[in-house]
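Here is how the chains run, residue by residue.
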Amino acid sequence: MDVSVVIPLYNEEESLPELYDWIERVMNEHNLTFEVIFVNDGSTDHSWDVIQSLSEKSEYVKGIKFRRNYGKSPALFCGFKEAQGNVVITMDADLQDSPDEIPELYRMITVEGYDLVSGYKQKRYDPLSKTIPTKLFNATVRRISGIKNLHDFNCGLKAYRKDVVKNIEVYGEMHRFIPYLAKNAGFDKIGEKVVQHQARKYGKSKFGLNRFVNGYLDLMTLWFLSGFGRKPMHVFGFLGTIMFLVGVIAAIIIGAGKLIALSRGVPQRLVTDSPYFYISLTMMILGTQLFLAGFLGDLISRSSSNRNEYQIEEVIRCDV
C-alpha cells in the first residue's frame, strides 16, 4: 500500500464526508493505493456514525473510536499503530489542511528520501492572538531541538516514512514535537514544504491559549529526557555537587572570619546570628537532596525494562 492517511478528530461530523471525498479524488487521480484511518477522539456529536457510514461505502476507510476524549497524541499513536502504508500522512479533520498536498509530500518521502516532511502554513487564516504566540513557540522549539529548517512544528499536515511512525512513541501532548522525537530516534533527514492553509469551514477550534503553556512544559520535558533520560545523575548529581560545595565553602569562610576575629580580640556576633550561615546551610541541604535525586533517578533508570532499547536500522551478520 502506498499511503495511509491518519486523521484524528473531535466533533467534526460536518467535514468528514467532504474530506474523504477530497482525499479519494486526489488518490485516484495520482494512482495511489491508500487507506484512511479516522481516529474518533471521544466525539460527542455524530462523528462516529459518519465514519461508519463512510466505511460501509468504501473499503478504504478504517475507524478507531475512543470511549472518551484522550487528546491528539494518543489518537495519532493508535493511528500510527494501525497504519500499513509505506508513507503515512497526518492531517486535521477540519478541512484546513488540503489533501491536494499529499502527492508532493509522498514524492518527497519516496523520491527525495526524506524521513519526515512537515507542512509550513506560511500564510495563515488565524487571528493575531494565535499567530504571534505560534511564531514565538516555533522559534523556541527550533533553538532547543536544533532542527533549524522547520518553521511550523505544530502543523497537522505531515508525511512520514513508515519506519518513523513505527519507531517513535507519541504520548501526552507530544504531537507538537514529532520532528524532535523523530530526530532523537535517529531519523534526521527532516524536510519542510509550504502548504496551503484554508479557513475553517465548519465548527470552531478545539484548542485554547493554554496549549502554548503546556507546549513549553512538554518541550522542557522532552529536552531533559532526550539529554538526560538515561543518565539523570549527570544533571542532578552535577548540580547537587556544585551547590553543596558552594555551601561548604561559604560556611568555611564564615567560620574562618569568626576565628580570625576571636584571635584578634575583636568582638564578633555568633555565627548563627548571620543570615549567610543559614544560606550556606540551605545550599548544602539542597545540594544533598539534588544528589540523592540523581542517585534515585539512576536506580530507576537501571531497573527500567527498556533501558537497553536502541534504534537499530540494519544488522549485517556472517554465517559461520
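Residues numbered from 1 in each chain as written. Predicted model: local features only at pLDDT ≥ 70, side-chain atom pairs only at ≥ 80, totals over all residues. Heavy atoms only, no water.

Trainee: Please clarify how unusual backbone geometry should be interpreted in this entry.
Mentor: Leaving glycine aside, a negative phi is the common case for residues, and trans is the common case for peptide bonds. Notably, Asn-31 is not glycine yet its phi reads approximately 55 degrees, a positive angle. Within the element layout of this structure, Asn-31 appears in the loop between α1 (16-29) and β2 (34-40). Under the relative-accessibility criterion, Asn-31 is labelled exposed at 67%. The phi dihedral of Leu-95 falls on the positive side, at around 70 degrees, and the residue is not glycine. If you trace the backbone, Leu-95 turns up in the loop between β4 (87-90) and α4 (102-110). (Helix = DSSP H or I, 4+ residues; strand = E, 2+ residues; numbered from the N terminus. Buried < 20%, exposed > 50% of the residue type's maximum accessible area, 1.4 Å probe, protein only.)

Trainee: Looking at this structure, I do not really get the sheet that holds strand β3 (residues 61-65). What am I missing?
Mentor: In spatial order, the strands read β3-β2-β1-β4-β6-β5-β7; together these 7 strands make up an open sheet with mixed pairing. The open sheet has two edge strands, β3 and β7 (190-194), and neither has a second partner. Here the strands of the sheet are splayed against their neighbours by 20 degrees on average, with no regard to which way each runs. The pairing of β4 with strand β6 (residues 158-161) spans 4 bridges and is antiparallel. Counted as the bridge partner of Val-87 is Arg-161 from β6. (Pairing = 2+ DSSP bridges. Axes fitted to C-alpha atoms, helices over the stretch in contact; angles between N-to-C directions.)

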